[in-house]
Amino acid sequence: MPFGRTLAMTLVTATAALTLVACSSADDGEPALETASNSAFPVSVAGALGTADVPDKPERVVALTWTDADIVFSLGVTPISVAKAQTDSGYQPWFENAVPQTPPVWEASGATIPIEEIAALQPDLIVATKSFTLARAYDQLTEIAPVVHFADTPSSETWQSATATVASALGVPEKGEQVIADTEARIADAAAQFPELDGKTFTFFVGPSDGAVYIVNSSDDAGASLLGQLGMAPTEFATAQPVSTIPGRAQISYDYLSETDADVIIATGLPGSVDELAAQPAVQSLSAVRRGAFVPLSPTQAQSIAFPSPLSLDWALKEIVPQLGDAARK
């Protein structure tokens, strides 16, 4: 699954080493859930697999994916454990930069959610809006704590919807609205800062392998949704391709690479795969590539917009959007 979609978690730290990290207070500089009180509870949050009934203000929150950890933290709570990201440190850079004291991580290996280890953490809320393996363990997890998750599927859950859902479960719906509004305002500011992006077409190559590659072809892809907010759009060739099993993406063979020209070419994939794609004669012949309007993204950069959160989008606006602006001017 591209970009580590399958965020299955195997705990690598012994249970005895997992010190429970309580919700931080304003005294240590970390965000605190100051606006939530027990008067806001109980709350019920519906999801595709069932309803999470949260009786009291959550104090110990487990995030089943690193995107969920981002959202929880943006709402004022430091999760007691998070999924390990595919980085050297085990944390996504935007999360690591934001959290003064990082919590223990889960090892993302295999496709099994470690029920016993989660139970040992004694959470009072489990957040899983982006867990693609949740259905396999949902019933077991609900015996441990309420499980707040996606309304339809993880793929279709927008960062705005996920943020609002988690905010409701934490008893801070107004804070959720503010976080969403602030993030959308920063995206609008970025669009204004880089007006050269407005009206530009893009081809976004994802995961080249074995003579085939995915191309983003609609805003059902989260990355395309952000690019759309910046004023960009996929090409007519891309939108005309049949959608694959991955929402918002079509898969084409290298035979069609010559049809993929755009104002800006973006590409991401496993190490080395983007270089191999870029070396294809058909790609080299694209006018965007000849102009230098080619933007390769590392897996971490791509994940920041493929699995967006308020934290990751803030990071992407600084790390990716300026590159797109430079490419659009060429």
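Before reading on, note that the structure itself is shown above.
Notes on the structure in this doc start here.

Thresholds, definitions, all that
Here the residue numbering is sequential within each chain, running from 1 through the sequence in written order. Note on the predicted model: pLDDT of at least 70 is required for a residue's local features to be given, and 80 or more for side-chain atom pairs to be given and counted; whole-chain, interface and lining totals, by contrast, use all residues. In computing side-chain values, all of the structure's heavy atoms are included and hydrogens and water are not. The criterion for an aromatic pair is that two Phe, Tyr or Trp rings (for Trp, the six-membered ring) have centres within 6.5 Å, with stacked assigned to planes under 30 degrees apart, edge-to-face to planes over 60 apart and tilted to the rest. Going along the chain from the N terminus, every DSSP run of H or I of four or more residues is numbered as a helix, and every run of E of two or more is numbered as a strand. Here's how the labels work: a residue is buried when its accessible area is under 20% of the maximum for its type, exposed when over 50%, partly exposed in between, all with a 1.4 Å probe on protein chains only. Two strands pair if DSSP finds at least two bridges between them. The axes are straight lines fitted to the C-alpha atoms, using for helices just the contacting stretch, and the angles between their N-to-C directions are given from 0 to 180°. Salt-bridge detection follows one rule: a side-chain nitrogen of Lys or Arg within 4 Å of a carboxyl oxygen of Asp or Glu. We call a set of buried Ala, Val, Leu, Ile, Met, Phe, Trp, Tyr and Cys residues a nonpolar core when their side-chain atoms join them within 4.5 Å. Throughout, a contact is declared for two residues whenever any of their heavy atoms are within 4.5 Å. As used in this structure description, the phrase polar contact means that two N or O atoms lie within 3.5 Å; if the pair is within protein, one of them must be able to donate a hydrogen and the other to accept it, and residues adjacent in sequence are counted only when both atoms belong to side chains. Each direction from the helix axis to a C-beta atom contributes to the arc, which is the arc of those directions. Should an angle fall under 35 degrees it is called roughly parallel, over 145 degrees roughly antiparallel, and 65 to 115 degrees roughly perpendicular, with every other angle called oblique. Crossings are classed by handedness, with left-handed meaning an anticlockwise turn of the near helix from the far one by less than a right angle and right-handed meaning a clockwise turn.

## With respect to the packing of aromatic side chains
- Throughout the structure, instances matching the rule amount to five aromatic pairs.
- Measuring from ring centre to ring centre gives 6.3 Å for W66 and W94, while their planes differ by 65°; the resulting arrangement is edge-to-face. With a gap of 28 residues between them, W66 in helix 1 (residues 66-74) and W94 in helix 2 (residues 93-98) connect regions that are remote in the sequence. Across the pair, W94 and W66 agree in class, each one buried.
- Counting every residue linked through ring pairs, the aromatic cluster contains W66, W94, F307 and W315.

## Side note on the pairing of strand 2 (residues 43-46)
- Of the two faces of strand 2, only the one carrying V43 and V45 is buried; S44 and A46 on the other face are not.
- For strand 2 and strand 3 (residues 51-54), the ladder comprises four bridges, and the chain directions are antiparallel. In the sheet register, S44 faces strand 3, and the bridge partner there is D53.
- Between strand 2 and strand 3, which pair antiparallel in sequence order, lie four residues; one of them, G50, sits at a positive phi of approximately 155°.

## Some remarks on the sheet that holds strand 4 (residues 61-63)
- Taken in spatial order, the three strands of this open sheet run 4-7-8, and their pairing is parallel. Two strands lie at the open edges of the sheet, namely strand 4 and strand 8 (147-149), each paired on one side alone. Across the sheet, the mean angle separating the axes of adjacent strands is 20° when strand polarity is ignored.
- In this structure, strand 4 lies alongside strand 7 (residues 125-128), joined through three bridges in parallel fashion. Paired with A63 across the bridge in strand 7 is V127.

## Some remarks on the pattern of salt bridges
- With the rule as written, the count across this model stands at five salt bridges.
- Notably, a salt bridge pairs R249 with D221, separated by 2.8 Å at the nearest N-O pair. Separated by 28 residues along the polypeptide, R249 in strand 12 (residues 249-253) and D221 in the loop between strand 10 (212-216) and helix 7 (222-229) bring together distant segments of the chain.
- Residue class for R249 comes out buried when judged on its relative accessible area of 2%.

## Structural notes on the nonpolar core
- F204, L230 and L324 are the most contacted members of the largest nonpolar core, which has 50 residues in total.
- Beyond its immediate chain neighbours, meaning those up to four positions away, L324 contacts L197, L227, L230, V264, I266 and V295.
- Residues V43, V166, A169 and V179 belong to the second largest nonpolar core, which totals 20 residues.

## Brief notes about the environment of A119
- Relative to the helices and strands, A119 resides in helix 3 (residues 115-120).
- Accessibility expressed as a relative area gives 35% for A119, which makes it partly exposed.
- Remark: the alpha-carbon pair of A119 and A145, spanning 26 residues in sequence, is separated by 8.6 Å.

## So, the side chain of S273
- If you trace the backbone, S273 turns up in helix 9 (residues 273-278).
- A polar contact is formed between the side chain of S273 and the backbone oxygen of L270, at a distance of 2.6 Å.

## Some points on helix 7
- Of the residues making up helix 7, those classed as buried are G223, A224, L226 and L227. Seen end-on, helix 7 carries its buried residues on one side only, within an arc spanning 160°.
- Regarding helix 7, its N-cap is D221, as a side-chain oxygen of that residue lies 2.9 Å from the backbone nitrogen of G223 further along.
- Of the residues trailing helix 7, G231 is marked for its positive phi of about 100°.

## Examining the packing of helix 5 (residues 159-170) against helix 6 (residues 173-193)
- Interaxial distance between helix 5 and helix 6 falls to 7 Å at its minimum, and their mutual angle equals 155°. Put simply, helix 5 runs roughly antiparallel to helix 6. As for the relative orientation of helix 5 and helix 6, their crossing is right-handed in sense. The segment helix 5 lies against helix 6, with W159, Q160, T163, A164 and A167 engaging P173, G176, V179, I180, T183, E184 and I187.

Without other data, these values stay purely geometric and don't point to any function.
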